[in-house]
Amino acid sequence: MKIAVVIPNYNSARIVQRAVEAMQRQRVPAGHSVQVVVADDGSTDGSADALASRFGDSITLLRQPENRGRSTTRNAGAAASDADILVFVDSDCVPVDVDFLAKHAAAMQAGADVVFGEVCTPGPGFWDRLQRDASDWRRRRFDEGESWTFTTQNVAIRRDRF
């Protein structure tokens, strides 16, 4: 099973590289492969060139000619892959462990069509508590049938449902 991690980028040259590195370190179950797709949304800060220089052919880099917005860019990134599972993360997102993708894959293998995970910030404090509270709220609302409540900072979906 092929997993594509789609990362939209707009003028985030430094932080998007951390996200790519983190995705390349992920462990996945046997029989799975990972494709990292960075969809650059017309950045003007050299992001796309920096990604191409640092990661070369180890990622799929899609260069949008102009800024069209995060949703359009995510959709273009998804279209650039033939993966069975699409995982969307933001350019400033780094998983807390190397099993991030394996957890999404396991949920899909168990029959889920859409899976989203917790979003947190490093260390204790206001922003971490806010993200964790929002994640808990989203999970409860989703479980109650409100499928619109997930965040695209950390969501996986089967390609045939996308």
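Look above for the structure.
First, a word on what this report is: a plain description of the structure on this page. (Residues numbered from 1 in each chain as written. Predicted model: local features only at pLDDT ≥ 70, side-chain atom pairs only at ≥ 80, totals over all residues. Heavy atoms only, no water.)

1. Digging into the overall build of the chain
Heads up, the condition is: Only DSSP runs of H or I with at least four residues qualify as helices, and only runs of E with at least two residues qualify as strands; both kinds are numbered from the N terminus onward. What the globule rule says is 2.2 Å times the number of residues to the power 0.38, and the radius of gyration is computed from C-alpha atoms. Pairs of residues are marked as contacts when any of their non-hydrogen atoms sit within 4.5 Å.
Tallying secondary structure elements over the chain gives 5 helices and 6 strands in all. Each helix and strand of the chain, ordered N terminal to C terminal, gives the series β-α-β-α-β-α-β-α-β-α-β. The C-alpha radius of gyration computed for the chain amounts to 15 Å, which stays within 12% of the reference 15 Å derived for 162 residues, consistent with globular compactness. Reported as C-alpha extents along the three principal axes, the dimensions of the chain are approximately 45 × 40 × 30 Å. Restricting to contacts in the chain with at least 6 residues of sequence separation, those with at least 24 account for 71%.

2. Re the pattern of salt bridges
Selection rule: Just to be clear on terms, a salt bridge is a Lys or Arg side-chain nitrogen sitting within 4 Å of an Asp or Glu carboxyl oxygen. Summary of the burial criterion: residues with accessible area below 20% of their type's maximum are buried, those above 50% are exposed, and those between are partly exposed, where the area comes from a 1.4 Å probe applied to protein chains only.
Scanning all chains against the criterion turns up 10 salt bridges. Taking the shortest distance from any N to any O, the salt bridge between aspartate 90 and arginine 74 comes out at 2.6 Å. One end of the pair, aspartate 90, is in the loop between strand 4 (85-89) and helix 4 (100-109); the other, arginine 74, is in helix 3 (residues 70-79), with 16 residues separating them in the sequence. With respect to burial, aspartate 90 and arginine 74 carry one shared label: buried. Among the ionic contacts, a cluster of salt bridges with common partners joins Arg70, Arg74 and Asp90.

3. A look at helix 4
Buried within helix 4 are the following residues: Phe100, Leu101, Ala102, His104, Ala105 and Met108. Its buried side turned inward, helix 4 meets strand 1 (2-9), helix 1 (13-24), strand 2 (33-41), strand 4, strand 5 (114-116) and strand 6 (154-158). Phi turns positive, to about 115°, at glycine 111, one or two residues after helix 4.

4. A closer look at the side chain of serine 91
Of note, serine 91 is situated in the loop between strand 4 and helix 4. Using a relative accessible area of 11% as the deciding quantity, one classes serine 91 as buried. If sequence neighbours within four positions are ignored, serine 91 has contacts with Ile7, Pro8, Asn9, Ser12, Ile15, Val16 and Ala19.

5. Focus: helix 2 (residues 47-55)
Rules: Directions drawn from the helix axis to the C-beta atoms are what define this arc.
Restricting attention to buried positions, one finds in helix 2 the residues Ser47, Ala48, Leu51 and Phe55. Mapping the buried residues of helix 2 onto a view down its axis gives an arc of 95°, with all of them on the same face. Summarising the contacts, the buried residues of helix 2 are in contact with strand 1, helix 1, strand 2 and strand 3 (60-64). Downstream of helix 2 by one or two residues, glycine 56 has phi in the positive range, about 50°.

6. Looking at the environment of threonine 152
Along the chain, threonine 152 falls in the loop between helix 5 (126-143) and strand 6. A relative accessible area of 30% places threonine 152 in the partly exposed class. Sequence separation between threonine 152 and histidine 104 is 48 residues; the distance between their C-alpha atoms is 14 Å.

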